[in-house]
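Architecture at a glance
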Amino acid sequence: MATVTLLACTPSPETIVASSAKLCYSPSDISTLMEGLTPEKTASFVEMLAEIGHESPIEHASFTFGIEGVSRSLLAQITRHRIASYSVQSQRYVKEAAFEFVVPPEIEKIPQAKEEFLRAMAEDQAHYESLTATLKAAHKERLLQEGKPEKTADRLAEKQAIEDARFVLPNACATKMIATFNARSLLNFFAHRCCNRAQWEIREVAEQMLALVKEQAPHLFAHAGPPCLFGPCPEGKMSCGKQKQVRQKYGVEGTTEK
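Definitions and limits used
- Residues numbered from 1 in each chain as written.
- Predicted model: local features only at pLDDT ≥ 70, side-chain atom pairs only at ≥ 80, totals over all residues.
- Heavy atoms only, no water.
- Helix = DSSP H or I, 4+ residues; strand = E, 2+ residues; numbered from the N terminus.
- Rg over C-alpha atoms; globule rule 2.2 N^0.38 Å.
- Buried < 20%, exposed > 50% of the residue type's maximum accessible area, 1.4 Å probe, protein only.
- Contact = heavy atoms within 4.5 Å.
- Areas by Shrake-Rupley, 256 points an atom, 1.4 Å probe, with all protein chains shown as cover.
- Lys, Arg positive; Asp, Glu negative; His and termini not counted.
- Charge placed at Lys NZ, Arg CZ, Asp CG, Glu CD.
- Axes fitted to C-alpha atoms, helices over the stretch in contact; angles between N-to-C directions.
- Parallel < 35°, antiparallel > 145°, perpendicular 65-115°, else oblique.
- Left-handed = near helix turned anticlockwise from the far one by under 90°.
- Nonpolar A, V, L, I, M, F, W, Y, C, P; charged D, E, K, R; others polar.
- Phe/Tyr/Trp six-rings, centres within 6.5 Å; stacked < 30°, edge-to-face > 60°.
- Pairing = 2+ DSSP bridges.
- Core = buried A, V, L, I, M, F, W, Y, C linked by side-chain atoms within 4.5 Å.

The subject of this paragraph is the overall build of the protein. Check the secondary structure of the protein and you find nine helices and four strands. Ordered by position from N to C terminus, the α and β elements of the protein give β-α-α-β-α-β-α-α-α-β-α-α-α. Relative to a compact globule of 258 residues, whose C-alpha radius of gyration would be 18 Å, the protein shows 24 Å and is clearly more extended. Taking the principal axes of its C-alpha atoms as reference, the protein extends roughly 70 × 50 × 25 Å. Out of the 258 residues in the protein, the part that is buried amounts to 38%. Sequence separation of 24 or more characterises 73% of the internal contacts of the protein that already satisfy a separation of 6 or more. For the protein, the computed accessible surface area is about 14,600 Å², with 53% contributed by carbon and sulfur atoms. If you average the places of the 30 positive and of the 32 negative side-chain charges in the protein, the two averages end up 3 Å apart.

Positive phi is not limited to glycine here, since S12 has a value of about 45°. Along the chain, S12 turns up in the loop between β1 (3–9) and α1 (13–25). A positive phi is found at A98, a non-glycine position, where the angle reads about 50°.

Another point: the packing of α1 against helix α2 (residues 39–52). Orientation of α1 relative to α2, taken along the N-to-C sense of each, is 65°, at an axis distance of 9 Å. In terms of orientation, α1 lies roughly perpendicular with respect to α2. The two elements α1 and α2 meet at a crossing, and its hand is left-handed. Contacts from E14, T15, V17, A18, A21, K22 and Y25 in α1 reach T42, F45, V46, M48, L49 and I52 in α2. Taken together, the residues of the contact of α1 with α2 sort by class into nine nonpolar, two polar and two charged.

What follows covers the packing of aromatic side chains. Aromatic ring pairs are defined here through the distance separating the ring centres and the angle between the ring planes. Taken as a whole, this structure holds eight aromatic pairs when the rule is applied. Arranged with centres 5.3 Å apart and planes meeting at 45°, the rings of F181 and F189 form a pair that is tilted. Aromatic rings pair up to connect F63, F65, Y86, F181, F189, F190 and F221 into one cluster.

Let's shift gears to the side chain of T10. With respect to the helices, strands and loops of the structure, T10 is situated in the loop between β1 and α1. Relative accessible area serves as the criterion here: at 13%, T10 is assigned to the buried category. Setting aside residues no more than four positions away along its own chain, T10 makes contact with I16, H60, A61 and S62.

Here four strands make up an open sheet; going across it, the order is β1-β2-β4-β3 and the pairing antiparallel. The open sheet has two edge strands, β1 and β3 (84–88), and neither has a second partner. Across this sheet, the average inter-strand angle for adjacent strands is 20°, counted without regard to direction. With six bridges connecting them, β1 and strand β2 (residues 62–71) associate as antiparallel partners. When the sheet's bridge partners are listed, L6 is paired in β2 with F65. Relative to the sheet, helix α7 (residues 183–193) contacts β2 and β4 (174–182), its axis offset from that of β4 by approximately 125°. In the packing of helix α8 (residues 200–216) onto the sheet, contacts are made with β1, β2 and β4, and the angle to β2 comes to roughly 150°.

This part takes up the nonpolar core. Core analysis: the largest hydrophobic core is formed by 46 residues, its most contacted members being F63, F65, I67, L186, F190, M209 and F221. With seven residues, α8 is the single largest residue contributor to this core. With sequence-adjacent residues up to four places away left out, M209 is seen in contact with V4, F65, I67, F181, L186, F189 and F190. Formed by nine residues, the second largest nonpolar core is a distinct cluster that contains F117, M121, A165 and A172.

Printed below as a string of C-alpha cells:
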C-alpha cells in the first residue's frame with residue numbers, strides 16, 4: 001500500500017504566498033511586507049489570488065513528500081508532472097533481491113488472478129537473479145583479466161550485471177521516492193490525479209498528499225481536488241458521471257456549478 005509522508009514544507013506557506021501577493025499590489029518594502037499580515041488578512045490574500053486567477057505568488061510555497069510502497073508504473077505517471085523535483089531509488093545501484101511489488105486491487109480480489117500474478121512475480125525474480133549471476137560472472141572475469149583486484153572486480157561486476165538484469169523486472173516492482181512540488185504545481189497535480197478517471201494508484205497517492213498539505217495550508221488548498229468539485233466535469237463523454245458522490249466525498253456537496 002502506498003504511504004505518503006510530508007517531509008518538509010515552506011515555513012508558514014500561506015504567509016509567504018500572501019506577502020508575495022501583497023508586494024504585487026502595494027507599495028510595501030520587502031522589510032515591511034509581513035507587517036499587518038494577520039491570519040485573517042493572510043487568508044483574504046490567498047482567497048483573492050484564487051478568485052482572480054493570479055497564481056504566480058503561489059509558487060513560492062513548496063512541499064516535499066516521501067512516497068513509498070508504490071510501483072514503477074506509478075513512477076512513470078508521476079514524473080509526467082515536470083514542474084517538480086524527484087529523487088528515486090535506483091535499480092542500477094540497488095540490487096532487487098526478493099523485490100517487493102504492488103498487487104492491483106482487482107487482481108487481489110480474484111484468487112485465480114492473484115495466483116497467476118504471484119507466479120509471474122516469482123518467475124521475474126528467478127530470471128533477474130539468474131541473469132545477474134550470469135552477467136556478473138562474465139564481467140568479473142573480464143575485470144580480473146584487466147588487472148582489477150578481486151574485491152574491486154566483484155563490486156564493479158555486480159553493478160554492471162544488475163544494470164542490465166533489471167530489464168526483466170515488472171512494472172509492479174515497488175519503488176520509493178522523494179518529490180518536491182511548489183503549491184501551484186500541486187494544484188494542477190490534484191486537478192488531474194484526484195479525478196476518478198485517474199489510475200487508482202496515483203489517485204490514492206494524490207489524495208494522501210492533498211490531505212497532508214491541507215493541514216499546513218488550508219486556505220491555499222481549499223479548492224484543491226478534481227475540477228468537478230466547483231464546476232462542470234471537463235472530461236465530457238469520458239466523465240465518470242459521479243459528480244455528486246465526488247462532491248460529498250470532499251465535503252462540498254452543496255456547491256453549485258459555475
